[in-house]
Amino acid sequence: MSGPAELEERCINTIRFLAADAVEKAKSGHPGMPMGAAAAAHTLWACHLKHNPSNPLWIDRDRFVLSAGHASMLLYVMLHLTGYDLSLDDLKAFRQWESRTPGHPEYHCAPGIEVTTGPLGQGLSNAVGMAIAEAHLSARFNRPDNEIINHFTYVMASDGDLMEGVTAEASSLAGHLGLGKLIVIYDDNRISLAGSTGLAFTEDVGKRYEAYGWQVLRVPEGNRPAAIDEALRQARAELSRPSILFVQTTIGYGAPHKQGTADSHGSPLGRDELDAAKKNLSWPLEPAFFVPEDVSDFYRQAADRGKVRDEQWLSAFERYGRQYPELAAELQRVMDGRLPDDWEKALPVYQGGAADVATRKAGETVMQALAPCVPELMGGSADLNPSCFTWLKGMGDFQSPGFSPAGLQGRVGGSWGYEGRNVHYGVREHAMGAIAVGMALHGGVLPYTGTFLTFADYMRPPMRLSALMGLRVLYVFTHDSIGLGEDGPTHQPIEQVMNLRAVPNLTVIRPADAHETVEAWREALLNSKGPTALIFSRQNLPVLDRETLAPATGLQKGGYILWESGEGAPEIILIGTGSEVPLVLEAGRRLAADGVAVRVVSLPSWELFDRQPVAYREAVLPPTLRLRVAVEAGIKLGWERYVGLDGTVIGMDGFGASAPANVLAEKFGLTVDNVMAAARALLHAAVPS
């Protein structure tokens, strides 16, 4: 009977060679990190990770994020060994068509995969969002006699993760916030795909993280489970700040000719080298994908312990439900992602003839109305609350409980603490986007972000991933066009709206007035299948008189007939979005006064419109009516899908300029007169000679 040390070594080698065999079979993948970090993965999953493979969505489970997504086989192996619904055949199908084990971890592909990680740095930054959600829910729902939310977020990160700027942003914020239940295991193997990290990465990373306010722990020998275990215990004991464990490993450990080199990073070892590695570590050459029976039994025991802890938690939750029935029901609701009953009744109603208002300001009004009745709504901006108006007044500021700097100005919340719902991200758009993704992944909160539309470029990677995962994240963008004026072309978005429309599963809504802004927020909250980008103006816009126009509820279908000049068939269609709808409407009315039959269409959301039945879309934009003018203060590319080859698009051909908004509109042709001229040109060209 082998001793515990021998069993432990077999467990670690099982991880190494299941991963290496899978990569070899696929003829593609990254064997190096799974082989080098196997001891760290074993120690975490066998001794520390709180999880239950038979209940992967247990509310109070620890979250594990493999930020180094290229090492995906490491995660798949651990899921398989510990009893998740991921079979040996799934491992053998690594990187194949419709496999449950794709090249990088994908959310929803298999139970136990908490997040889609691919671009380095995103996973660690997502984990900061998960830790924020855990801290907030703990503060909101825990009671002294029953801590129903109490779990850790673990990350396994690579050198490449820590090179990425987004992790610097997110780690800096995590340290400021004192997120003590966030623990990063840094696989410090000092090798990247191009070679030694010494080519480009020679800073003292530990000192950097100490400066961020993290606890820095070091494990000089990454093949010593006892040392890793001790470091994890120290990390778990430090609850006032996040911890990072520098675990020094050897990439491709065991492969005699490739270990410690970039040759083992991103390519299969090759059959000869793999066999040599197995001989080197006294592992049988055959069969491939070998799992010793005692290893299987050991990991199943770890899974059984997780099941017991889950059952204990369930008993505690039942007791919690008896003591605090309303809190228990509320916790279950937010974790299920269900909105409160009657929340829509809180939405404000604007009256015709109201004073002009910017849609960013109308959006703020909606948020203040929703805040009391949708308590899971939580977020903030990248230091732009005074401009974006994306705050929840009186709802507290999310800060570490002991945070109280002297002389702080401009607070918007009622108090400091993790119960606060206003997150101050600082000037960190990239991290803000990634953190919001992590908050949504954790569950229990409905995250939103806020910044200028032109800075959407900084947030593009996490926005894309949120769309890929189908997460409910609300991205609020203000200052949506050249209409922001004097700040000039660096801050005036031109191509950004179209860039966002190009992202599959991202719903983009650019409302025309306060009425449509209310409906845009309604649709954003109802959209449970993906993220929503809300695009708002800086400048004031007319509140359209809906007594003479179609109701703004037409926004729910993405596009609708706002106004028509008469009962007869229209001769031409004018299409607008956002701030351009009022000028399109005015142009239509003037053309109608000259005897032209005009239809004006508001098209605030291409995505919502394109989801409608063909019959509806053709009723709004009849295919036989080919004379169309579309107007948007952005790039023209893409509008041909709605105006066709016979139509005209009025928009931007280049960047903006620094000047008052009304001057810019005139100089760039975004005027009523120019819309009318374009319409008349189409009508004239259509008349037979």
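Structure's up top.
Residues numbered from 1 in each chain as written. Predicted model: local features only at pLDDT ≥ 70, side-chain atom pairs only at ≥ 80, totals over all residues. Heavy atoms only, no water.

### Here we look at the overall build of the protein chain
- The secondary structure content of the protein chain amounts to 25 helices and 20 strands.
- For 689 residues, the compact-globule estimate of 2.2 N^0.38 gives 26 Å, and the protein chain sits close to it at 28 Å.
- The principal-axis extents of the C-alpha atoms in the protein chain amount to approximately 95 × 60 × 45 Å.
- Across the 689 residues of the protein chain, 61% fall into the buried class.
- Contacts in the protein chain between residues at least 24 apart in sequence constitute 76% of all its contacts with a sequence separation of at least 6.
- Carbon and sulfur atoms provide 51% of the accessible area of the protein chain, an area that totals close to 26100 Å².
- Measuring between centres, the 61 positive side-chain charges of the protein chain sit 1 Å from its 80 negative side-chain charges. (Helix = DSSP H or I, 4+ residues; strand = E, 2+ residues; numbered from the N terminus. Rg over C-alpha atoms; globule rule 2.2 N^0.38 Å. Buried < 20%, exposed > 50% of the residue type's maximum accessible area, 1.4 Å probe, protein only. Contact = heavy atoms within 4.5 Å. Areas by Shrake-Rupley, 256 points an atom, 1.4 Å probe, with all protein chains shown as cover. Lys, Arg positive; Asp, Glu negative; His and termini not counted. Charge placed at Lys NZ, Arg CZ, Asp CG, Glu CD.)

### Some thoughts on the packing of aromatic side chains
- A full pass over the atoms with the stated rule returns 23 aromatic pairs.
- Residues Phe609 and Tyr616 carry aromatic rings whose centres are separated by 6.3 Å and whose planes lie at 65 degrees to one another, so their mutual orientation is edge-to-face.
- A network of ring pairs unites the aromatic residues Trp606, Phe609, Tyr616, Trp639 and Tyr642 as a single cluster.
- Sitting above the plane of the Phe389 ring, Lys361 keeps its charged end 4.6 Å from the centroid. (Phe/Tyr/Trp six-rings, centres within 6.5 Å; stacked < 30°, edge-to-face > 60°. Lys NZ or Arg CZ within 6 Å of the ring centre and 35° of its normal.)

### Focus on the nonpolar core
- Counting residues in hydrophobic clusters, the biggest one holds 79 residues, and the most contacted among them are Leu179, Phe477 and Leu500.
- Here this core gets 10 residues from one element, more than from any other, and that element is helix H6 (residues 122-141).
- Discounting residues that sit within four places of it in the chain, Phe477 has contacts with Thr451, Phe452, Leu453, Ala456, Met459, Met463, Leu500, Ala533, Leu534, Ile535 and Phe536. (Core = buried A, V, L, I, M, F, W, Y, C linked by side-chain atoms within 4.5 Å.)

### Remarks on the pattern of salt bridges
- As enumerated under the stated definition, the model contains 35 salt bridges in all.
- Note that Lys361 is salt-bridged to Glu364, the shortest N-O span being 2.7 Å. Taken as a pair, Lys361 and Glu364 lie in helix H14 (residues 359-370) at a separation of three residues, close to a single helical turn.
- What makes Lys361 partly exposed here is its relative accessible area of 36%. (Salt bridge = Lys/Arg side-chain N within 4 Å of Asp/Glu carboxyl O.)

### Quick look at the pairing of strand S18 (residues 598-602)
- When you tally the buried positions in S18, you get five out of five residues, the bulk of the element.
- Neither face of S18 is exposed, since Val598, Val600 and Ser602 on one face and Arg599 and Val601 on the opposite face are all buried.
- Bridge count for strand S16 (residues 560-564) against S18 is four bridges, and the pairing is antiparallel. Residue Ile561 lies in a different strand from S18, and its bridge partner there is Val601.
- Where strand S17 (residues 572-576) lies against S18, five bridges are found, and the strand directions are parallel. Residue pairing in the sheet places Ile573 in a bridge with Arg599 of S18. (Pairing = 2+ DSSP bridges.)

### Quick notes on the sheet that holds S17
- An order of S16-S18-S17-S19-S20 is seen for the five strands of this open sheet, with the pairing classed as mixed. For this open sheet the edge positions go to S16 and strand S20 (648-652), each flanked by a neighbour on one side alone. Within the sheet, the average angular offset between the axes of one strand and its neighbour, ignoring direction, is 25 degrees. (Axes fitted to C-alpha atoms, helices over the stretch in contact; angles between N-to-C directions.)

### Quick word on the environment of Asp457
- Along the chain, Asp457 falls in helix H17 (residues 456-469).
- Those residues in contact with Asp457 that lie beyond four places of it in its chain are Glu495, Gln496 and Asn499.

### Concerning helix H8 (residues 165-177)
- An ideal rise of 1.5 Å per residue puts 18 Å on 13 residues; H8 measures up with 19 Å between its terminal C-alpha atoms.
- For H8, the set of buried residues is Val166, Thr167, Ala170, Ser171, Leu173, Ala174, Gly175 and Leu177.
- Those residues of H8 that are buried are in contact with H6, helix H7 (159-163), strand S3 (182-188), helix H9 (205-212), strand S9 (397-398) and helix H16 (429-442).
- Just beyond H8, the residue with positive phi is Gly178, at close to 65 degrees. (Expected span 1.5 Å × (residues − 1).)

### Things to note about H17
- Between its first and last C-alpha atoms H17 spans 19 Å; for 14 residues at 1.5 Å apiece the expected length is 20 Å, and the two agree.
- The largest bend along H17 measures about 40 degrees and falls at Pro462.
- Against H6, H16, strand S12 (446-452), strand S13 (474-478) and helix H18 (496-501) lie the buried residues of H17.
- Directly beyond the C-terminal end of H17, a positive phi value near 70 degrees is found at Gly470. (Bend = angle between axes of the 7 residues up to and from the residue.)

### As for the side chain of Thr507
- Secondary-structure assignment places Thr507 in strand S14 (residues 507-509).
- With sequence-adjacent residues up to four places away left out, Thr507 is seen in contact with Asn527, Pro531, Thr532, Ala533, Ser605, Glu607, Leu608 and Arg611.

### Some words on the sheet that holds strand S1 (residues 63-66)
- Strands sit in the order S1-S2-S3-S7-S6 across an open sheet of five strands; the sheet is parallel. Every interior strand has two partners, whereas the edge strands, S1 and strand S6 (215-219), have only one. Adjacent strand axes in the sheet meet at a mean angle of 15 degrees when their direction is disregarded.
- Relative to strand S7 (residues 243-248), S3 runs parallel, the two sharing six bridges. Note on S7: the bridge partner recorded for Val184 is Ile244.
- Contacting S6 and S7, H9 runs over the sheet at an angle of about 155 degrees to S6.
- Together, strand S2 (153-157), S3, S6 and S7 form the strand contacts of helix H10 (residues 225-237), whose direction differs from that of S6 by roughly 170 degrees.

### A look at the packing of H8 against H9
- For the pair H8 and H9, the least separation of the axes is 8 Å and the interaxial angle reads 45 degrees. In terms of axis orientation, H8 runs oblique to H9. Note on element contacts: H9 touches H8 through Arg208, Tyr209 and Tyr212, opposite Thr167, Ala168, Ser171, Ser172, Gly175 and His176.
- In the contact of H8 with H9, the residues fall into three nonpolar, five polar and one charged. (Parallel < 35°, antiparallel > 145°, perpendicular 65-115°, else oblique. Nonpolar A, V, L, I, M, F, W, Y, C, P; charged D, E, K, R; others polar.)

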